[in-house]
Amino acid sequence: MSEHCMHAQFTVNGETVDAQVPVRMHLVDYLRDELGLTGSHLGCEHGVCGACQVMVDGQVVRGCLTLAIQANGKQVQTIEGLTESRELQQLQAAFLEHNAFQCGFCSSGMLLTALEITKHHKKATREEIRELISGNYCRCTGYQAIVNAIESVLVKSTSKSGAKV
Amino acid sequence: MNAPHELPLQAEVVATQENYVGQSVPRSGAKKLLEGRGTYLDDLRLPRLVHVVYFRSPHAHAVIKQLDLSQARKQPGVVAVFDGHEVAKFCTPWVGVLGHLKGIRSAPQYAIAPERACWQGEAVAAIVAQTRRQAEDALDHVLVDWDLLPVVTDMEASLAGNVVIHPDLGDNKCFSRELITENFEAEFAKADVVVEKVYEFSRHTGVTNEPRGILADYNPAENLLTVYQGTQTPNMMQDIFSRHLGIPESNVRVICKDVGGSFGIKVHVYPDEMATAAISVMLKRPVKFSADRIESFLTDIHAREHKVKIKLACTHQGDIIAFDMNDLTGIGPYSVYPRTSGIEGNQVVNLTGGPYKHKHYKAKLDVVFTNKNVTCQYRAVGHPIAMAITEGIVDEAARKIGMDPAEFRRRNLIADDAYPYTFPSGVKFEKLSHHQCLDQLMTLMDYKGLRQEQANLRAKGIYRGIGLAAMIEVTNPSPAFYGVGGARISAQDGATIRLDPAGMVNVLVSVTEQGQGTEAVFTQIAATAVGVKVENVRVITGDTAITPYGGGTWASRGAGIGGEAVLQAGKVLRKHILDVAAAILKVESATLDLVNGVVVDKLSGQEQMPLSEVGRVAYFRPDTLPMNFQSELTVTRHYTPREYGFTFTNGIQASYVEVDTETGFVKLLKHWCVEDCGTIINPMLVDEQIRGGIVQGIGGAMFEECMYSEDGQLLNGSMADYLVPMAGEMPDMVIGHVQTPTKTSELGAKGVGEAGTAGAPGAVMNAINDALAPLNANVSVQPFTPQRVLAALGKI
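Residues numbered from 1 in each chain as written. Chains lettered and ligands numbered in written order. Predicted model: local features only at pLDDT ≥ 70, side-chain atom pairs only at ≥ 80, totals over all residues.

### Concerning the overall build of chain B
Spelled out, the test is: Runs of E in the DSSP output that reach at least two residues are strands. Runs of H or I that reach at least four are helices, and both are numbered from the N terminus. The quantity called the radius of gyration is restricted to C-alpha atoms. Its globule counterpart is 2.2 Å times the number of residues to the power 0.38. Labels follow a simple rule on C-beta atoms placed from the backbone: if 20 or more others lie within 10 Å of a residue's own, it is buried; if 12 or fewer, it is exposed; otherwise it is partly exposed. C-beta atoms are first placed from the backbone for all residues, and any pair lying within 7 Å is then listed as a contact.
Within chain B, the regular secondary structure consists of 20 helices and 31 strands. For a compact globule of 796 residues, the expected C-alpha radius of gyration is about 28 Å, and chain B comes in at 28 Å, within 12% of that figure. Taken along the three principal axes of its C-alpha coordinates, chain B extends 85 × 75 × 50 Å. Counting over 796 residues, chain B shows a buried share of 60%. For chain B, restricting intrachain contacts to residue pairs at least 6 apart in sequence, the fraction spanning at least 24 positions comes to 80%.

Following this line, the structure appears as structure tokens:
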């Protein structure tokens, strides 16, 4: 079977991709195999584990359930880009400080979910954080260190914004 | 017991020396994993790389009448196709037995089954293509004519032997063991009270987030095989590739980059990985295999399918007299190579009743073949079974005589001053701390307060339960575990430590890193032993061409064995550095010390020179040193535990749950664990290691089950159908510690990787049954799904 391709244009971490994209190829496969961005991982390839997460137009998506062609006209950000832009800096520091990872395979996806929490759920309780990260599988930690790390970033940002008021 | 500050990790008069052992230092070298810069197996790419996928048997037991690969060979991008006969010419079969498991048997197992598939998922053909997609596309063009054979999936049916999987063996028994202490029957008969119960455990699996993978790269010019593999045991695999592919051991190099979780899954020999290495030799080019999730569920080792009948005999006063247990376990069609599938059941025999001081014990074990995926050693090997049946029946006994379960345990746990102690199964404990752990747990969880809260809520129709589970855990195995049985698995580990010219300390260790923080704790030990800051230490693991020979990571042995080797090597390097500095300064080396990477005068503390100066002179200007002086700034040391068969750790866990008696759902409210892993090197890492272990134990107790149909079809081979613990269902966990360092090593670390998993299922089970007790309901089949809880309540 020869590959059916379609033309697509999108950006990945700010760089333009202008290419013929196999229509059946998933976004995470395209990022890993064609662009060498191996920071997004393949855990289950059916949308449960969350290791493949990337951002498309600012929203976290499963890279294994999104076709590469669906990125046409959109902006894609990966763990590599979000590290470079320092958007994840505070969370990465908190994850290291709290030992909120072990093997690190889930971390790329987990950090992206955490970033969404810090953006859209600034007042999340521990229980709510647990619920919000329940789409990301971590086999190594007991999740508690991850909750602690995210909570610590929320507490810092709340106390900062609180000071302004 | 040594307090941590008494440990001789520092030279004398080093009050200013920073001791990293015992400190929660953030993991060195792990930041890359948070930035997407790790290198997991599937991230590797080599020139001329091709991809292999396997055609797997859709049947649990069937003979290959005809295998037609001709159409698959013609598909776009396909480089080669192979059947089992072709691969067998390059890779000899194996039999998973060990000499010290008397009578254990298995059948020869091939990299690719040449004639018969014995479980659904066993590989029967290989397709190699330029891309994985092309190889997977070609799978649809493999044609097989099967002759279906009778299937046996049930353990008891297997034992009965109406269907025999390997006719040459005569029946389905892989291994049996019986153990009975002297005068057992007479002593058992003296009991006032006997409680008896059957516990069942469903098979589950590791579900590492990163699936298994291997990239084999054969270079015919040098007859050199380089294997990149997500493995816990590079040297064991080096030996196995060498022997089964017929390549000299020194020509096989196994490299283990970052590993996305292992938990025992990645410590075994897998047929598809052996086949991939063989195919690389056959094609003389790099070949990669990366399992996808369904392949992981079908072929990653499963574990813990057991049915155990256990009896406890005790007095009216609550003194345990004896345990009597009978374990039946089903392991799939082959005993897994080279560690065997007899070890898990054997550990259940060794460890049942482990925390208690009874003198009498009887055990019987039957390990049988079935037509399901193979089972083998998975995190906490046998402990979750042994601890759950022990702690379950202990609670039954306490209930029967009307004694509080904590009090019952206090009465029966081995006294803290009774060591060294030989347990009825024959295992020896150097020094455990059950009572200290129990006391600390009672305080930590406010046991009395919690019991009060439970009683108050029960009056309101809310059913909460408290469950306790004392535990012991095997760690740091001596050669008695595998080596004496003929397995070429090293019980020894080594560390090579080197001062580089710029003053950095480079450490090579044979223990591997799977994310648990091995490299970080070695960094802390090395920094402390040498006398430098952690940021000046680099640790390298996982490369048989450069690291010392050793056993790798399994049985909670990394810190205790590898750590001791690092400590000893580091101490000698420190001395050698001071010898060089003394030669430069023309003083006695005894007058010098090394503190935070600076050579100082021992008495005044005055700085003499940085390590970069020691390195500069030693490496580039040794002409300025005395004629008869040779610096030795690379040191290797090894360590093997030998005094005891195992180092044992101990601890106790508690679970607090609420059972919804209408829906059968169990909510885990909180979990506690007090653990004694000896010297703690990094408390933050230890705590989350225990928590992760607890969650994995909870997974087996509450959610995880590889469900098979009667004809051997796996019914839930996706993560949507096979449930794993996610953050939302998990409770906060409180961890406490007692530290009883082992005196068999200077470091005193006993290991902690599996303790959480060992005790959690028993604690959760006991909590659920405590909640259900007023309703005269009781669960004993793991996982405790809502369906099973409702069935216990008689509601379905």
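Resuming the write-up.
### Description of the overall build of chain A
Along chain A, the regular secondary structure elements total 6 helices and 5 strands. Starting at the N terminus and walking to the C terminus, you meet the elements of chain A as β-β-α-β-β-β-α-α-α-α-α. A compact globule built from 165 residues should have a C-alpha radius of gyration of about 15 Å, and chain A, at 17 Å, falls within 12% of that. Expressed along its principal axes, the backbone C-alpha trace of chain A runs to roughly 55 × 35 × 20 Å. Of the contacts formed within chain A by residues at least 6 apart in sequence, a portion of 58% connects residues at least 24 apart.

### Remarks on the confidence of the model for chain B
Detailed reading of predicted coordinates is not advised where the pLDDT is low. Residue and element names in this part refer to chain B. Rules: On a scale of 0 to 100, pLDDT captures the predictor's confidence in every residue.
The predicted model of chain B averages 96 in pLDDT, with 98% of residues at 70 or higher. Taken together, the stretch residues 1-16 has pLDDT below 50 and engages in 24 contacts with residues farther than four places along the chain or on a different chain. Predicted complex, confidence summary: ipTM 0.97, pTM 0.96.

### Thoughts on the interface of chain A and chain B
For the record, the criterion: When residue character is reported, Ala, Val, Leu, Ile, Met, Phe, Trp, Tyr, Cys and Pro are called nonpolar, Asp, Glu, Lys and Arg charged, and the others, Gly included, polar.
Listed per partner, the contact involves 44 residues of chain A and 46 residues of chain B. Residues belonging to the side of chain A that touches chain B are distributed by class as follows: 20 nonpolar, 18 polar and 6 charged.

### Quick word on the domain arrangement of chain A
All names here are of chain A. The line we're drawing: Domain borders in the structure are assigned automatically or taken from a domain database.
Annotation of chain A at the domain level lists domain 1 (5-83) and domain 2 (87-160). The interface is formed by 15 residues belonging to domain 1 together with 13 residues belonging to domain 2. The leading source of residues in the side of domain 1 that touches domain 2 is helix α2 (residues 79-84), at 3 residues. For the side of domain 1 that touches domain 2, a count of residues per class yields 8 nonpolar, 7 polar and no charged.

### Remarks on unusual backbone geometry
Negative phi is the rule for most residues except glycine; trans is the rule for most peptide bonds. All names here are of chain B. The peptide bond linking Y419 to P420 adopts the cis configuration, its omega dihedral lying at 0 degrees. Its location among the elements puts P420 in the loop between α12 (405-412) and β18 (421-422). Q782 connects to P783 through a cis peptide bond whose omega is -5 degrees. Residue position: P783 is located in the loop between β31 (781-782) and α20 (786-792). Its identity as a non-glycine residue notwithstanding, T340 has a phi of 70 degrees, on the positive side. Its location among the elements puts T340 in the loop between β16 (320-330) and α10 (343-351). Of note, the phi angle at K586 is positive, near 55 degrees, even though the residue is not glycine. Assignment of secondary structure puts K586 in the loop between α16 (558-585) and β24 (592-595). For K586, a count of 7 C-beta atoms within 10 Å corresponds to the exposed category.

### A closer look at the environment of E151(A)
With respect to the element layout, E151(A) can be found in helix α6 (residues 144-164). Other than its neighbours up to four places away in sequence, E151(A) contacts R126(A) and I129(A).

### Thoughts on the pairing of strand β11 (residues 224-229) of chain B
Residues and elements named next belong to chain B. To be explicit about the condition: Strands are labelled as partners when DSSP assigns at least two bridges between them.
In terms of residue burial, β11 counts as a mostly covered element, since 5 of its 6 residues are buried. Note: strand β10 (residues 213-219) against β11, 6 bridges, orientation antiparallel. Note that in β11 the partner of D217 across the bridge is T226. Sheet topology note: the β11/strand β12 (residues 252-255) ladder contains 4 bridges and is parallel.

### With respect to the domain arrangement of chain B
Residue and element names in this part refer to chain B. Split by domain assignment, chain B resolves into domain 1 (7-38 + 492-639), domain 2 (41-149 + 211-259 + 265-299) and domain 3 (302-480 + 643-792). Relative to domain 3, the C-alpha centre of domain 2 lies at a distance of 36 Å. Contacts between the two partners involve 25 residues from domain 2 and, on the opposite side, 26 residues from domain 3. Among the elements that make up the side of domain 2 that touches domain 3, the one with the highest residue count is helix α9 (residues 293-299) (5 residues).

### Considering the nonpolar core
Residue and element names in this part refer to chain B. Counted only if it meets this: Each nonpolar core comprises buried Ala, Val, Leu, Ile, Met, Phe, Trp, Tyr and Cys residues, the members being joined through C-beta atoms within 7 Å.
Membership of the largest hydrophobic core comes to 301 residues, with the highest contact counts inside it found for I112, A126, I127, A278, V507, A526 and I768. A total of 13 residues in this core trace back to one element, the largest contributor, which is α16. If we skip the residues at most four places from it in the chain, V507 touches A495, I497, F522, A526, V537, R538, V539 and V566.

### Considering the sheet that holds β24(B)
All names here are of chain B. Spelled out, the test is: Note on method: axes are straight lines fitted to C-alpha atoms, helices fitted across the in-contact stretch only, with angles between N-to-C directions ranging 0 to 180 degrees.
Here 3 strands make up an open sheet; going across it, the order is β24-β25-β26 and the pairing antiparallel. Of all the strands in the sheet, just β24 and β26 (607-610) have a single pairing partner and so form its edges. The mean angle between the axes of side-by-side strands here comes to 30 degrees, regardless of whether they run parallel or antiparallel. For strand β25 (residues 598-601) and β26, the ladder comprises 3 bridges, and the chain directions are antiparallel. Along β26, the bridge assignment pairs V598 with P610.

### Focus: the packing of helix α7 (residues 234-245) of chain B against helix α8 (residues 271-283) of chain B
Residue and element names in this part refer to chain B. Note the threshold: If an angle is under 35 degrees, it is roughly parallel; if it is over 145, roughly antiparallel; if it lies from 65 to 115, roughly perpendicular; otherwise it is oblique. Two helices that cross are described as forming a left-handed crossing if the nearer one is turned anticlockwise from the farther one by less than a right angle, and a right-handed crossing if clockwise.
Viewed as axis vectors pointing N to C, α7 and α8 meet at an angle of 55 degrees, and their least axial separation amounts to 11 Å. Classified by the interaxial angle, the pair formed by α7 and α8 is oblique. Judged by the sense of rotation from one axis to the other, the crossing of α7 with α8 is right-handed. Each of F241, H244 and L245 in α7 lies in contact with α8, whose residues at this interface are M274, A277, A278 and V281. When the residues that make up the contact of α7 with α8 are grouped by side-chain class, the tally is 6 nonpolar, 1 polar and no charged.

### Here we look at the sheet that holds strand β2 (residues 15-22) of chain A
Residues and elements named next belong to chain A. Pairing is mixed across the open sheet formed by 5 strands, whose spatial order is β2-β1-β5-β3-β4. Looking along the sheet, the strands with just one partner apiece sit at the ends: β2 and β4 (59-61). Sheet twist, expressed as the average angle between the axes of neighbouring strands with direction ignored, equals 40 degrees. Here strand β1 (residues 5-12) pairs with strand β5 (residues 75-77) via 2 bridges, running parallel.

### Regarding the packing of helix α3 (residues 89-97) of chain A against helix α4 (residues 107-120) of chain A
Residues and elements named next belong to chain A. Following both chains from N to C, one finds α3 and α4 inclined at 120 degrees, their axes separated by 10 Å at the closest point. Looking at the two axes, α3 sits oblique to α4. The handedness of the crossing between α3 and α4 is right-handed. From α3, L91, Q92 and F95 reach across to α4, where they touch S107, L111, A114, L115 and T118. Class assignment for the residues of the contact of α3 with α4 results in 5 nonpolar, 3 polar and no charged.

### Things to note about helix α19 (residues 755-772) of chain B
Rules: The span expected for a helix works out to 1.5 Å for each residue beyond the first.
Its 18 residues place the ends of α19(B) 27 Å apart at the C-alpha level, agreeing with the 26 Å of an ideal helix rising 1.5 Å per residue. Here α19(B) lies mainly inside the structure; 18 of its 18 residues are buried.

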